[in-house]
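Results of the structural survey
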Amino acid sequence: MNQNPTPQTGHDTGDYVTVNIGPSHPAMHGTLRVVALTDGESLIKVDPEIGYLHRGVEKLGENLTYHQFIPITDRLNYCSAIPNNVSYEMAVEKLMGIEVPEKAQLIRVIMMELARIADHQVCIGILGVDLGAFTPFFYLIIQREEIYEIFEWFNGARLTNTFGRIGGVDADLPDDFEERWEELKPGVRKANDETEKLLTHNRIWMDRTIGVSAFSAEDALNWGFTGPCLRACGVKRDLRIDEPYCMYDKFKFEVPVGKHGDVFDRYIVRMIEMEESIKIIDQAYKLYKEMPADAPLMARVPKVIKPPAGEVYSALESPNGELGFFVKSDGSANPYRIRIRPPCYMIYQAFPELVEGELIADLVACLSSLNVIAGELDR
Amino acid sequence: MDLKNRVEQCLGPENFVVAMIECQGDLSVEVPKRSVVDVMRLLRDTPDLGFNFLSDLLGVDNLDLNKPKKKPKKKTEEGEGAEAEAEEEPKEKGPLPPRYEVVYLLLCLERNERLQVKVRVEENDMEVDTLTPVWKAADWPEREVFDMFGIRFKGHPNLKRLLMWDDFPAHPLRKDYPLEGQGEERHLIYDD
Amino acid sequence: MDDWLIAIIKVVCIWVWVLLIAVVMTWVERRGAALIQDRPGPNRAGPFGLFQPLADGIKLFTKEEIIPTKAQKLLYIMGPLLFALPAFSAYAVVPFGDKIVLGGKEIILQVSDVNIGFLFILAIGSMGVYGVILGGWGSTNKYSILGGLRCTAQMVSYEVPLGLALLAIVFVYGTFSLRDISLAQQGTFLGFLPNWGIFKQPLGFILFIVAAYAEASRVPFDLPEAESEIVSGYHTEYGSMRLGLYLFGEYVNLVTISGVIVALYFGSWHMPYIDLGAYLGPISWGIVSFCIFFLKVSFFLWMFVWVRWTLPRFRYDQIMGLGWRGLIPLALFNIFITALFIQLTV
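Every chain is numbered independently, its residues counted from 1 as its sequence is written. As a convention, the first chain written is A and the first ligand written is 1, with the rest following in written order. For this predicted model, a pLDDT threshold of at least 70 governs which residues receive local features, and a threshold of 80 or more governs which side-chain atom pairs are given and counted, while totals over whole chains, interfaces and linings are taken from all residues. With hydrogens and water stripped out, all remaining heavy atoms of the structure feed into the side-chain values.

**Some remarks on the overall build of chain C**
- Within chain C, the secondary structure is distributed over 12 helices and four strands.
- For this measure, only C-alpha atoms enter the radius of gyration; the expected value for a globule follows 2.2 Å times N^0.38, where N is the number of residues. The globule rule puts the C-alpha radius of gyration for 346 residues at 20 Å, and the 21 Å found for chain C is close to it.
- Each residue is assigned to one of three classes by its accessible area relative to the maximum for its type, calculated with a 1.4 Å probe on protein chains only: buried under 20%, partly exposed between the two thresholds, exposed over 50%. Across the 346 residues that make up chain C, the buried fraction comes to 52%.
- The protein chains shown are the only cover counted for residues, whose accessible areas, like all others here, come from Shrake-Rupley with a 1.4 Å probe. Surface summary for chain C: the accessible area is close to 15,400 Å², and the carbon and sulfur share equals 73%.
- Of the charged side chains in chain C, 22 are positive and 21 negative; the average position of the first set lies 5 Å away from that of the second. Each helix is a run of DSSP H or I of at least 4 residues and each strand a run of E of at least 2, with the numbering of both proceeding from the N terminus. Charge counting treats Lys and Arg as positive and Asp and Glu as negative, with His and both chain ends excluded. By convention, the charge on Lys lies at NZ, on Arg at CZ, on Asp at CG and on Glu at CD.

**Topic: the interface of chain A and chain B**
- Between two residues, a contact is recorded if the distance between any of their heavy atoms is within 4.5 Å. Each side of the interface is counted separately: chain A has 56 residues, and chain B has 57 residues.
- The term buried area denotes the loss of accessible surface (1.4 Å probe radius) that occurs when two parts are joined, taken as the sum for both partners. Summing the contributions of chain A and of chain B, the shared interface buries around 4,800 Å²; its carbon and sulfur component is 50%.
- The salt bridge criterion pairs a side-chain nitrogen of Lys or Arg with a carboxyl oxygen of Asp or Glu, the two atoms within 4 Å. Applying the counting criterion to the chain A and chain B interface returns 10 salt bridges.
- We note a salt bridge from Lys94(A) to Asp26(B), for which the minimum N-O separation is 2.6 Å.
- A 3.5 Å cut-off defines polar contacts: any pair of N or O atoms within that distance qualifies, except that in protein one atom must be a possible hydrogen donor and the other a possible acceptor, and neighbouring residues in sequence count only when both atoms are side-chain atoms. Between chain A and chain B we count 29 residue pairs in polar contact (both at pLDDT 80 or more) in total.
- In the scheme used here, Gly and all other residues not listed as nonpolar or charged are polar, with Ala, Val, Leu, Ile, Met, Phe, Trp, Tyr, Cys and Pro taken as nonpolar and Asp, Glu, Lys and Arg as charged. Grouping the amino acids of the side of chain A that touches chain B by side-chain chemistry returns 21 nonpolar, 16 polar and 19 charged.

**Some words on the pairing of strand E6 (residues 335-341) of chain A**
Residue and element names in this part refer to chain A.
- The buried fraction of E6 amounts to seven of the seven residues, a majority that puts the element mostly inside the structure.
- Alignment of strand E5 (residues 321-329) against E6, held across six bridges, turns out to be antiparallel. Paired with Ser329 across the strands is Pro335, a residue of E6.
- Only strands that DSSP links by at least two bridges are regarded as paired with each other. Between the antiparallel neighbours E5 and E6 lie five residues, among them Gly331 with a positive phi of about 90 degrees.

**Topic: the sheet that holds strand E3 (residues 42-49) of chain A**
Residue and element names in this part refer to chain A.
- Reading across from one edge, E1-E2-E3 is the order of the three strands in this open sheet, with antiparallel pairing throughout. At either margin of the open sheet sits one strand with a lone partner, and together these are strand E1 (17-21) and E3. Mean inter-strand twist for the sheet, computed between neighbouring axes without regard to direction, equals 20 degrees.
- As paired elements, strand E2 (residues 33-39) and E3 share seven bridges and run antiparallel to each other. Only the contacting stretch of a helix is used when fitting its axis, a line to C-alpha atoms as for every element, and angles between N-to-C directions run 0 to 180 degrees.

**As for a nonpolar patch on the surface**
- Surface patches are drawn from residues lacking salt bridges whose relative accessible area is over 30%; two like charges belong together within 9 Å, two nonpolar side chains (Val, Leu, Ile, Met, Phe, Trp, Tyr) within 5 Å. A surface patch of nonpolar side chains, amounting to about 620 Å² of accessible area, comprises Trp4(C), Ile8(C), Val11(C), Val12(C), Trp15(C) and Val16(C).
- As for its position among the elements, Trp4(C) is in helix H1 (residues 2-36).

**As for the side chain of Glu101(B)**
- With respect to the element layout, Glu101(B) can be found in strand E4 (residues 100-108).
- In this structure the side chain of Glu101(B) is engaged in a polar contact, spanning 2.8 Å, whose partner is the side chain of Arg120(B).
- Contacts of Glu101(B), omitting those with residues within four sequence positions, involve Glu311(A), Lys328(A), Leu58(B), Gly59(B), Val60(B), Asn62(B), Lys118(B), Val119(B) and Arg120(B).

**Some words on the interface of chain A and chain C**
- If you look at the interface, chain A gives 36 residues, while chain C gives 24 residues.
- For the pair chain A and chain C, the two sides together bury roughly 2,500 Å², of which 59% comes from carbon and sulfur.
- Across the contact surface, chain A and chain C share two salt bridges.
- The interface formed by chain A and chain C includes 10 residue pairs in polar contact (both at pLDDT 80 or more).

**Details of helix H12 (residues 316-345) of chain C**
- The terminal C-alpha atoms of H12(C) lie 42 Å apart, and with 30 residues this matches the ideal 44 Å at 1.5 Å per residue to within 8%.
- The bend at a residue is defined as the angle formed between two axes, one fitted to the seven residues ending at that residue and one fitted to the seven starting there. Along H12(C), the helix axis deviates most sharply at Leu327(C), where the bend reaches about 30 degrees; the proline Pro329(C) sits within four residues downstream.
- Of the residues making up H12(C), those classed as buried are Gln318(C), Ile319(C), Met320(C), Gly321(C), Gly323(C), Leu327(C), Ile328(C), Ala331(C), Asn334(C), Ile335(C) and Thr338(C).
- Residues of H12(C) that are buried make contact with helix H7 (203-209) of chain A together with helix H5 (142-173) and helix H8 (202-215) of chain C. A helix's residues, less one, multiplied by 1.5 Å, set its expected span.

**Focus on the pattern of salt bridges**
- This structure, assessed with the given rule, holds 57 salt bridges over all chains.
- Across the pair Asp193(A) and Lys197(A) runs a salt bridge, and its minimum N-O distance is 3.9 Å. Of this pair, Asp193(A) and Lys197(A) both sit in helix H6 (residues 177-199), four residues apart, which is roughly one turn of the helix.
- A residue is classified by how much of its surface remains accessible, and Lys197(A), at 66% relative accessible area, is exposed.
- Note that Glu144(B) is salt-bridged to Arg379(A), the shortest N-O span being 3.0 Å. Within this pair, whereas Glu144(B) is found in helix H6 (residues 139-149), its partner Arg379(A) is found in the segment after helix H15 (374-378), the two belonging to separate chains. A single burial state applies to Glu144(B) and to Arg379(A), both of which are buried.
- Salt bridges sharing partners connect three or more residues here, namely Glu113(A), Arg116(A), Arg231(A), Asp238(A), Arg240(A), Glu273(A) and Glu317(A).

**Some remarks on the packing of aromatic side chains**
- Aromatic rings from Phe, Tyr and Trp, with only the six-membered ring used for Trp, were paired whenever their centres fell within 6.5 Å, and each pair was classed as stacked if the ring planes differed by under 30 degrees, edge-to-face if by over 60, and tilted otherwise. The final tally for this structure, using the stated rule, is 41 aromatic pairs over all chains.
- Ring geometry for Phe69(A) and Tyr88(A): centres 5.0 Å apart, planes at 70 degrees, overall edge-to-face. Here Tyr88(A) lies in helix H3 (residues 81-96) and Phe69(A) lies in the loop between helix H1 (57-62) and helix H2 (70-74), a separation of 19 residues in the sequence.
- What links up through ring pairs into an aromatic cluster is the set Trp196(C), Phe205(C), Phe208(C), Tyr265(C), Phe266(C), Phe299(C) and Phe300(C).
- Here, a charge over a ring means that NZ of Lys or CZ of Arg falls within 6 Å of the ring centre while also lying within 35 degrees of the ring normal. Geometry around Tyr248(A) places Arg240(A) over its ring, the cationic atom sitting 6.0 Å from the centre.

**Comments concerning the confidence of the model for chain C**
- Per-residue confidence for chain C averages 84 on the pLDDT scale, and 99% of its residues sit at or above 70.
- Summary of the metric used: pLDDT quantifies the predictor's per-residue confidence within the range 0 to 100. Mean pLDDT values over the elements of chain C span from 74, in strand E3 (residues 188-189) of chain C, up to 89, in H8(C).

**Considerations on a negative patch on the surface**
Residues and elements named next belong to chain A.
- On the surface, Glu146, Glu149, Glu179 and Glu183 cluster together to form a negatively charged patch.
- Elements with a minimum of two residues in the negative patch: helix H5 (135-155) and H6.
- With respect to the secondary-structure elements, Glu183 resides in helix H6.
- With relative accessibility at 63%, the residue Glu183 sits in the exposed group.

**A look at unusual backbone geometry**
- Here the phi dihedral of Met247(A) falls at roughly 60 degrees; this positive angle occurs in a residue that is not glycine.
- Checked against the element boundaries, Met247(A) lands in the loop between helix H10 (239-242) and helix H11 (263-290).
- Even without glycine at this site, Ser268(C) takes up a positive phi of about 45 degrees.
- Mapping Ser268(C) onto the fold places it in the loop between helix H10 (240-265) and helix H11 (282-308).

**Description of the pairing of strand E2 (residues 26-31) of chain B**
All names here are of chain B.
- Of all six residues that make up E2, six are buried, and the element is covered over most of its length.
- The alternating pattern of E2 places Asp26, Ser28 and Glu30 and Leu27, Val29 and Val31 on opposite faces, both of which are buried.
- Across five bridges, the pairing between strand E1 (residues 19-23) and E2 is antiparallel. Along E2, the bridge assignment pairs Cys23 with Asp26.
- Linking E1 back to E2 in an antiparallel pair, the connection comprises two residues, with Gln24 at a positive phi of about 50 degrees.
- Relative to strand E5 (residues 113-121), E2 runs parallel, the two being bridged by four bridges. Counted as the bridge partner of Val31 is Val119 from E5.

**Notes on the packing of H6(A) against H11(A)**
Residues and elements named next belong to chain A.
- Packing of H6 against H11 leaves a shortest axis separation of 11 Å and a crossing angle of 165 degrees. The angle between H6 and H11 falls in the class roughly antiparallel. At the point where H6 passes H11, the crossing takes the left-handed sense. Only Tyr267, Met271, Met274, Glu275, Ile278, Ile281, Asp282, Tyr285 and Lys289 of H11 make contact with H6, whose side of the interface consists of Phe177, Glu178, Trp181, Lys185, Val188, Arg189, Asn192, Thr195, Glu196 and Leu199.
- In terms of residue class, the contact of H6 with H11 is built from 10 nonpolar, two polar and seven charged. An angle counts as roughly parallel when it lies under 35 degrees, as roughly antiparallel when it exceeds 145, as roughly perpendicular when it falls between 65 and 115, and as oblique in every other case. Crossing handedness: left-handed means the near helix sits turned counterclockwise from the far one by under a right angle, and right-handed means the same turn made clockwise.

**Regarding the side chain of Asn84(A)**
All names here are of chain A.
- Looking at the secondary structure, you find Asn84 in helix H3.
- For Asn84, a relative accessible area of 1% gives the class buried.
- A distance of 3.5 Å separates a polar atom in the side chain of Asn84 from the backbone oxygen of Ser80.

Following this line, the structure appears as structure tokens:
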């Protein structure tokens, strides 16, 4: 965020031209900015600048109580707010040593997986739009709308869910969840199917995505990649399996792994993950039905939350990757320090390495496939 | 052998470890500032530790923690005894601890173990060696710590502000920076 | 005098007609997109949203015209004009029906049956690129220049396979006149196929339609205005009716291209197997031939919409690769085969 970024915008450096992409640009997902030094169509040097959506979330957290911070976490990854809420709640619960009732954990799992589907749908839809394929976006977004209906009817909010409370969840799943879910499931599958038909084996799509911004597993780990982008590079790492939380160890599901870490692999990994999420929801709901109707939804939590002094880091597998919260408490009712580890922050810093030497069109494709969400990037 | 012993064994002989705290299963190791890069290399390359993934890097400002005298008194008047006890603890540890901390969150992918490594930073010597040669992932987090706390990282390839604009005068996550800001304005300069 | 009058009437009629189709095309495009994408589309203005283009037109005409301070005024203003004028005039040599007999006077349904036929279309079509490059340059915007350059490179590259595909047609029919080629497509070919160009030039047709999509810069060849990459390409800095001229010119181009495709490859106004002209009177045949031609054109117009909302976009290097390494060798091969065939049969 410098006033006269180098290479300077407006001036041309020798044979190269500086193109300032963003912060207002159709492909810049909100408010990202990339200053690119180009030689015709190819990118010589790429300099991403972030901070245009910086709202001081971490500073805000230090001045709010533990519960008041939950709605703020909605505004991190606004495509899937629920994993943000749960991740933060889990961190505070860990700090206080609270054991969350199983039923609440299952409700969390169901909602988080729904959010994962919604997030991947948006990501793939936008990837399609950025590569010029407009239609799959609508197929997916219509289904995401249905998922948002479920959220809305669960707690009244569609985008910023403020889901759950520290120590559990505030409300049970409504009675007709099963009906709604069974109605939704074929729709989601059909939309994915149609997207697959339109894109996956499309010659143009393959040309545009295969081999574009490929990344090796070592580089990805070195840069701190997590989530689908890391799995696309061929590293089988998923916190849901490696560090199980919320009873994820009780569900059977596959973790898709790519090979080359290119745009195509990231797309395929996300496509398969949606299907796996559907399986997880089915299993979680089956377990949920076995629970007694009056099983507790909240652990015993004091009205005013004052965790003992200490600091913990707790992370979960958000749709984008490892979403962690570092919470430090001084024993008072306000967190002393909250640090958010957004997954795409780590991924996006490798952006120059990913796209330098490629073409301008690849920059857009790569950016969409990383699913960079400005809200959680800038906090 | 549990993680604590292994870390002690690995870092012990050189007396790297200043303190070791466990909080709700999270182990944190405090190491001296000058040797932080060596410690990280050791932690990464020692076979039975293998912390090969930098999960995150963050700064903490301990300003409020370091001045427990004023606040507990006020609060004890309000009748919160437990609070006062909790906050008086650091006072007993002797001289005032350094104001800033840099915390490195490490992860071992093979064993899924996590470790916090902590470095204390004095207010009069705000420079830490950069971790970018060990993990490229340290790039932006270090810039952010510089941006938010003013801690400089020696040897960082591109130590500019990350989130705030370049000539922003303050470091907003410091505890003495007001929540509502100080009325800084960004003046955009356009060509011509 | 009569000839002049007829010519003027024909010019005005065809001009209005092409404009009308182009206007309706903007509506078809939106409704078609909506149909493909499971959504209603514009449905508020008039029945089925049919007045939507009208509302858009009013909007574009009444918007304030802004010229960016740094733009090079003359080029900036000339850009859209240079783009739209060739687009409007290219249809002049494309037929839109057989002929009509009014008061004993035979009127061919074509503005002018010049004997250089589609050479005129190629020449006029290439003129459009000046509008794009001047508009892109005159805007003094990097995205605009990138768009203009992309468009120029693409147009120049794809004119080669387009021209070569047309050359093979000339070999087959021995004429440049679109009317003569149309007339030659009557009857059957090999006894069972309609005597259409596509059956004589199947490869040529594929080459032509791919190159034509690229010339019209439609998806998957819409790089000059690839909105996710270079904002809006060459018309990033344009607004109001200047932008309207660019957008409108594109639709007019589509009509022209569809007309050429139908005239060259799909038997123009001929019905397959039935020679309606023999059964109908001169006036009614004129109208019917016009309707048949228009129906065929409509199909290809719809195909433009259909393809646009189905395929992703190429990348710049891929588009060049396809043009130079794929289409041009194929087109040369097509010419060779055609020439060989003609040599052997005649």
